[in-house]
Amino acid sequence: MFAAERRQLILEMVRANGAVSLRELARVVQTSEVTVRRDVRALEAEGLLDRRHGGAVLPGGFTRESGFPQKSHLATAEKTAIADLAAGLVEEGEAIVVGAGTTTQELARRLARVPGLTVVTNSLLVAQALAHANRVEVVMTGGTLRGSNYALVGSGAEQSLQGLRVSRAFLSGSGLTAERGLSTSNMLSASVDRALVQAAGEVVVLADHTKLGSDTMFQTVPTDLITRLVTDEPPGHDDRAATELQALADQGVQIAVANGSGVARGPGQPGMEGGPGDRRGPRRDVPLPGQRRNHPPGGGAGGPQLRSAPSLSETSGGRVADLAPRRR
């Protein structure tokens, strides 16, 4: 077992039980107490757990990660609306990567109708949703199955993504902030998601309003690598989510907000374009993420020719609009 995998297992045991003895940790990860003590010391240095005499305990700020059965029943209507809009970004014949999560599973169900699509994924649930789709090719990573979210993780998954190049990645996570970007509660899941990002020309984050302003342990995608966020409209009383949306827009992230009435608008911008009957929505060009921001979308001479992402305000539903940055 690699050190990262061993330490992730230690973290999961501590999160599940609150406190675990070094002897029990050594038995489960099948190594010596000396090695486990070294792992616990390293995890404590990162602020992920606290050492106690003869064991490890959960630090005060972190809680146990919810499993798939719990997540699948949270914000279901919002996830459906987000998936409907995100599917409008995907074009016939495109190659994309789709990460693990309940929102990306909803997206996959809609992608089954896109002919000629190639989907690379580490999620068994995404693959299952596309298994019987006509003219959709599914490519799965290798790796070790993580049963709590039916995803393949570990070095095998990451190695299978090396050398891959697709137009865009669709990812979800446990939290999203303007300061830190997308994050998740699991070390191995975060590592695979980062590998998915490296394979894509653009990054599209799918996150409902309950995740806005939440920050979890492991950073997946920093804000400057996020091209677009597809989310639902926060409730009127949720100032934190609205503030976070504006902060993300101020940092150059294209924001697409969906609501149940079909009205397209952004928090704090009641008069913006994209209201009822206006499918145009405000347009603003955002460069490709990370180091690729200084290069044209096609990758330059001799590089892979990537298909540019269409504006969500141009999709058939006309239910979203880009949130413009605040004027300074």
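As the structure is a computational prediction, the values presented were derived from the model and not from experiment.

(A) Expanded view of the overall build of the protein. Helix and strand counts for the protein come out as ten helices and 15 strands. Per-residue burial over the protein gives 52% buried out of 328 residues. For the protein, restricting intrachain contacts to residue pairs at least 6 apart in sequence, the fraction spanning at least 24 positions comes to 69%. Put simply, the protein shows about 14800 Å² of open surface, and 48% of that area lies on carbon and sulfur atoms.

(B) Here's a closer look at the sheet that holds strand 10 (residues 175-177). One open sheet holds the three strands; their spatial order is 10-11-13, and the pairing between them is antiparallel. For this open sheet the edge positions go to strand 10 and strand 13 (218-221), each flanked by a neighbour on one side alone. Strand-to-strand twist in this sheet, taken as the mean axis angle between neighbours without regard to direction, amounts to 35°. Where strand 11 (residues 181-184) and strand 13 come together, three bridges link them in antiparallel fashion. Bridged to S183 within strand 13 is Q219. Packing of helix 9 (residues 187-198) onto the sheet brings it into contact with strand 11 and strand 13, and relative to strand 13 it is tilted by some 20°.

(C) Local environment of a nonpolar patch on the surface. Where nonpolar side chains cluster on the molecular surface, the patch consists of L124, M140, L145 and Y150 and spans about 330 Å² of accessible area. Inspection of the secondary structure puts M140 in strand 6 (residues 136-140). A residue is classified by how much of its surface remains accessible, and M140, at 34% relative accessible area, is partly exposed.

(D) Spotlight on helix 9. If you check helix 9, its first and last C-alpha atoms are 17 Å apart, about what twelve residues at 1.5 Å a residue would give, namely 16 Å. Counting buried residues in helix 9 gives ten out of twelve residues, a clear majority hidden from the surface. Residues of helix 9 that are buried include every one of M187, L188, S189, A190, S191, V192, D193, A195, L196 and V197, and no others. Sitting at the amino-terminal end of helix 9 is N186, which places a side-chain oxygen 3.1 Å from the backbone nitrogen of L188.

(E) Local environment of the pairing of strand 4 (residues 95-98). The sheet contact formed by strand 4 and strand 5 (residues 117-121) spans four bridges and is parallel. Its bridge partner lying in strand 5, V98 is registered against T121.

(F) Local environment of the pattern of salt bridges. Tallied over the full model, the rule gives twelve salt bridges. The salt bridge partner of R6 is D39, with a shortest N-O separation of 2.4 Å. Taken as a pair, R6 in helix 1 (residues 3-17) and D39 in helix 3 (residues 33-45) lie far apart in primary sequence, 33 residues in all. For the pair formed by R6 and D39, the shared burial category is buried.

(G) Seen up close, the side chain of E244. Locating E244 in the fold gives a position in helix 10 (residues 239-250). For the buried E244, no salt bridge exists, and the shortest N-O distance to an oppositely charged side chain is 6.3 Å, to R240. Not counting the four nearest positions on each side in its chain, E244 is found in contact with L176, T177, A178, E179, L212 and G213.

(H) Focus on the sheet that holds strand 5. Taken together, seven strands build an open sheet; the order of strands is 6-5-4-9-12-14-15 and the sheet is parallel. The strands lining the two open edges of the sheet, one partner per strand, are strand 6 and strand 15 (254-258). Ignoring which end each strand starts from, the neighbouring axes of this sheet average 20° apart.

(I) Representation of the nonpolar core. Counting 28 residues, the largest nonpolar core has L171, L176, V205, V221, L229, L248 and I255 as the members making the most contacts within it. Among the elements of the structure, strand 9 (166-171), helix 9, strand 12 (200-206), helix 10 and strand 15 are those that each provide at least two residues to this core. Each residue touching L176, except ones within four places of it in the same chain, is listed here: G181, L182, V205, A207, K211, L212, G213, S214, I226, L229, E244 and L248. Judged by nonpolar contacts, the second largest core, of 26 residues, contains A83, L85, L89 and V98.

(J) Structural detail: the packing of helix 2 (residues 22-29) against helix 3. Here helix 2 crosses helix 3 at 105°, and the two axes come no closer than 9 Å. Comparing the axis directions of helix 2 and helix 3 gives the class roughly perpendicular. The residues of helix 3 that touch helix 2, namely those facing L22, R23, L25, A26 and V29, are E33, V36, R37 and V40. When grouped by side-chain class, the residues that make up the contact of helix 2 with helix 3 number six nonpolar, no polar and three charged.

Reading guide: rules and limits
- Chains are numbered independently. Their residues run from 1 in the order of the written sequence.
- For this predicted model, a pLDDT threshold of at least 70 governs which residues receive local features, and a threshold of 80 or more governs which side-chain atom pairs are given and counted, while totals over whole chains, interfaces and linings are taken from all residues.
- Hydrogens and water are ignored here; the side-chain numbers use all heavy atoms of the structure.
- Helix numbering and strand numbering both begin at the N terminus, where a helix is a DSSP run of H or I of at least 4 residues and a strand a DSSP run of E of at least 2.
- Accessible area is worked out with a 1.4 Å probe on protein chains only. A residue is then buried under 20% of its type maximum, exposed over 50%, and partly exposed in between.
- In what follows, residue pairs with any heavy atoms lying within 4.5 Å of each other are defined as contacts.
- Here the open area of atoms and residues is found with the Shrake-Rupley method and a 1.4 Å probe, where only the protein chains shown may cover a residue.
- If DSSP finds at least two bridges between two strands, the strands pair.
- Only the contacting stretch of a helix is used when fitting its axis, a line to C-alpha atoms as for every element, and angles between N-to-C directions run 0 to 180 degrees.
- The residues that make up patches have over 30% relative accessible area and no salt bridge, and they are joined within 9 Å when like-charged or within 5 Å when they are Val, Leu, Ile, Met, Phe, Trp or Tyr.
- Salt bridges are counted wherever a side-chain nitrogen of Lys or Arg sits within 4 Å of a carboxyl oxygen of Asp or Glu.
- Helix span, expected: 1.5 Å multiplied by one less than the number of residues in the helix.
- Polar contact is the term for a pair of N or O atoms within 3.5 Å; when the atoms are in protein, one must be able to donate a hydrogen and the other to accept it, and sequence-neighboring residues count only if both atoms are side-chain atoms.
- Lys and Arg are tallied as positive, Asp and Glu as negative. Neither His nor the chain termini are counted.
- For this analysis, a nonpolar core means a set of buried residues of the types Ala, Val, Leu, Ile, Met, Phe, Trp, Tyr and Cys, connected via side-chain atoms within 4.5 Å.
- By definition in this entry, angles of less than 35 degrees are roughly parallel, angles greater than 145 are roughly antiparallel, angles of 65 to 115 are roughly perpendicular, and the rest are oblique.
- Note on residue categories: nonpolar means Ala, Val, Leu, Ile, Met, Phe, Trp, Tyr, Cys or Pro, charged means Asp, Glu, Lys or Arg, and polar means any other residue, Gly included.

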